[in-house]
Amino acid sequence: MSRSSVFEWFARFRDGREATDDDERCGRPRSSRTDENVERVQALVRSDRRMTIEMIAESLNMSVGSVFTIMTEDLKKKKLCARFVPHTLTTEQKEHRIASSEDLIAAADEDPNFLKPSSPETSRGASNMIRKLNAKVRSGQVRERFDR
C-alpha cells in the first residue's frame, strides 16, 4: 500500500468510518453472476457432467465468460481431463472396467501375438489388437461388454 493510500485511509477513519469495505460505485450492476444463475449452472452441471462451457452458456442464454467465471470462482471447479467436474466411477462402472480388463488379459494369455502386428504391411499396434479382439468377440471367445 502506498504512502498516499495510508494517509487517505487514516483520514477516513479519523472522520468516523468504521468499515474497510469499498463504497458503492456507479455503473452497471452484475447481471450474470447472480445467485440464481449460479444455481442454474450448478443444476445443469449436476444433470450432465459432460456439458461444455459453450453448451451451458447456450442453454442458459449467458456469455461463455460469465459461465466460466461462475464455474471457476463461484463453484470452485477446475478443468480436469477436458471436463470441469471430477469424475468418480460408480460401482457398476468399476465392475465393468474390471471385467473388460480380465477379458483382455485372458485374450492376451491365449494368444502370445495378441498385441504384436502380424507383418509390417498390416495395421500396427492398436488397430491389430482391435481387429483380433473383434474376431474373438464374434467367435464368442471373449464376452462383449459395451453396455454402460
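The structure under discussion appears in the preceding block.
What counts as what
- Residue numbers here run from 1 along each chain, matching the order of that chain's written sequence.
- pLDDT decides what is reported in this predicted model: residues at 70 or higher carry local features, side-chain atom pairs at 80 or more are listed and counted, and totals for whole chains, interfaces and linings draw on all residues regardless.
- Only hydrogens and water are removed before side-chain values are computed, so all heavy atoms of the structure are retained for them.
- Think of it this way: any DSSP run of H or I at least four residues long counts as a helix, any run of E at least two long counts as a strand, and we number them from the N terminus.
- By this rule, a helix spans an expected 1.5 Å times one less than how many residues it contains.
- Counted as salt bridges are all cases of a side-chain nitrogen of Lys or Arg within 4 Å of a carboxyl oxygen of Asp or Glu.
- The buried label goes to any residue with under 20% of its type's maximum accessible area, the exposed label to any with over 50%, and the partly exposed label to all in between, with areas taken from a 1.4 Å probe on protein chains only.

### Structural notes on helix α1 (residues 3-14)
No. 1: Between its first and last C-alpha atoms α1 spans 16 Å; for 12 residues at 1.5 Å apiece the expected length is 16 Å, and the two agree.
No. 2: Among the residues trailing α1, G16 stands out with phi positive, at a value near 115 degrees.

### A look at the pattern of salt bridges
No. 1: In total, this model carries three salt bridges according to the counting rule given.
No. 2: In this structure, R12 and E8 form a salt bridge, with 2.6 Å as the shortest nitrogen-oxygen distance. On the criterion of helical spacing, the pair formed by R12 and E8 is a turn pair, its members being four residues apart in helix α1.
No. 3: For R12, a relative accessible area of 29% corresponds to the partly exposed category.
No. 4: Residue classification places E8 among the partly exposed positions, given a relative accessible area of 42%.
No. 5: We note a salt bridge from D74 to R33, for which the minimum N-O separation is 2.9 Å. Taken together, the residues span a long stretch of sequence, with D74 in helix α4 (residues 64-74) and R33 in the loop between α1 and α2 (35-47) at a distance of 41 residues.
No. 6: Owing to a relative accessible area of 23%, R33 belongs among the partly exposed residues under this scheme.

Limitation: the analysis is restricted to geometry and does not speak to function.
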